[in-house]
Amino acid sequence: MRVTTDDGVRIAFEVVGSGPPLVLLHGFFGDRTTWRSAGYDDALAGGHRLVLVDARGHGGSDAPHDADSYRIARQVGDIVAVLDALDVSRAAFWGASMGGIIGLNLLAGHPERLTALIAGGAHGGRAAAAPAEVQQEIGLFRSRGTAPFIEMLERQGPLPTWMRGAMQAADPHALAALTAALDAREGVLERLVQTPAPVLLLAGDRDPRLRSIQDTAARISGAACVELPGCGHFDTFLRLDLALPVVRPFLATYAAG
């Protein structure tokens, strides 16, 4: 299925399972199939109506090449458009990495649409990368595609075949534009201090973003941060065996609102 947003970008999504709605939004490089490949569909579809979305620039969604198309407000609007197309007034949301950033911004801008938020490897502060590093990444995408980033992840540990495939299939010029837009985003911590929705943050205890994730949890009233042992940034998504025991009781309590 697809929905066309206000700026004309078509967003691909699918729905599986039954129960309280739960939006699943992947991270940078991924698409909606990565949730299935990692085992989340099978684990969650029995108790939830899963709404799996391809973020703009990924999977079956349109992939414009200008950074303005990837402003965080537009990406938040994509999720609202999908919920509207499904006539879902409120849903739980689980975002991985970039998906978690979008989820935190969705909660800040449209708290009435969420019953609960789970964000893995994401924080609500400003982007912290050095400008030179960001420009280097943009240049690599434009000149060499995703190959250098695949090599970088493989140096950190085994990369699942399905993740390598998703990265190889991605549009590098869209990812370059997305990189620029994500670096320009503002923080939303001040807008989340008194959020009405329960918030669960997952973080690998070896994730370089851990301190920022902990700070986000500390700033949001009632939020919890759970550290997954032995995990880096990507492991927070890969380690289904560690994430699900934390997430299941949270969803059982809050997903239905």
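For the structure itself, look to the data block above.
Draft legend 1. Geometry of the overall build of the protein. Regarding its fold elements, the protein presents twelve helices and eight strands. In terms of overall dimensions, the protein has a C-alpha envelope of 45 × 40 × 35 Å along the principal axes. For the protein, buried positions account for 54% of its 257 residues. Considering only residue pairs separated by 6 or more positions, the protein has 74% of its internal contacts joining residues 24 or more positions apart. For the protein, the exposed area adds up to about 10,900 Å²; of that, 50% sits on carbon and sulfur atoms. Across the protein, the 23 positively charged side chains and the 28 negatively charged ones have centroids separated by 1 Å.

Draft legend 2. Quick peek at the packing of helix H3 (residues 72-85) against helix H4 (residues 98-109). For the pair H3 and H4, the least separation of the axes is 9 Å and the interaxial angle reads 85 degrees. Our classification of the angle between H3 and H4 gives roughly perpendicular. Between H3, through Ile72, Gln75, Val76, Ile79 and Val80, and H4, the contact on the second element is made entirely by Met98, Ile101, Ile102, Asn105 and Leu106. Counted by class, the contact of H3 with H4 contains eight nonpolar, two polar and no charged residues.

Draft legend 3. Looking closely at the side chain of Asp54. You can see Asp54 is positioned in the loop between strand S4 (49-53) and H3. Not counting the four nearest positions on each side in its chain, Asp54 is found in contact with Ile11, Ala12, His26, Asp31, Arg32, Gly59, Gly60 and Ser61.

Draft legend 4. Expanded view of the environment of Val88. Examined against the element boundaries, Val88 turns out to sit in the loop between H3 and strand S5 (91-96). Of the residues examined, Val88 reaches a relative accessible area of 7% and is grouped as buried. Among residues more than four places away in sequence, those in contact with Val88 are Pro21, Arg49, Leu83 and Arg113.

Reading the values: the criteria
Residues numbered from 1 in each chain as written. Predicted model: local features only at pLDDT ≥ 70, side-chain atom pairs only at ≥ 80, totals over all residues. Heavy atoms only, no water. Helix = DSSP H or I, 4+ residues; strand = E, 2+ residues; numbered from the N terminus. Buried < 20%, exposed > 50% of the residue type's maximum accessible area, 1.4 Å probe, protein only. Contact = heavy atoms within 4.5 Å. Areas by Shrake-Rupley, 256 points an atom, 1.4 Å probe, with all protein chains shown as cover. Lys, Arg positive; Asp, Glu negative; His and termini not counted. Charge placed at Lys NZ, Arg CZ, Asp CG, Glu CD. Axes fitted to C-alpha atoms, helices over the stretch in contact; angles between N-to-C directions. Parallel < 35°, antiparallel > 145°, perpendicular 65-115°, else oblique. Nonpolar A, V, L, I, M, F, W, Y, C, P; charged D, E, K, R; others polar.

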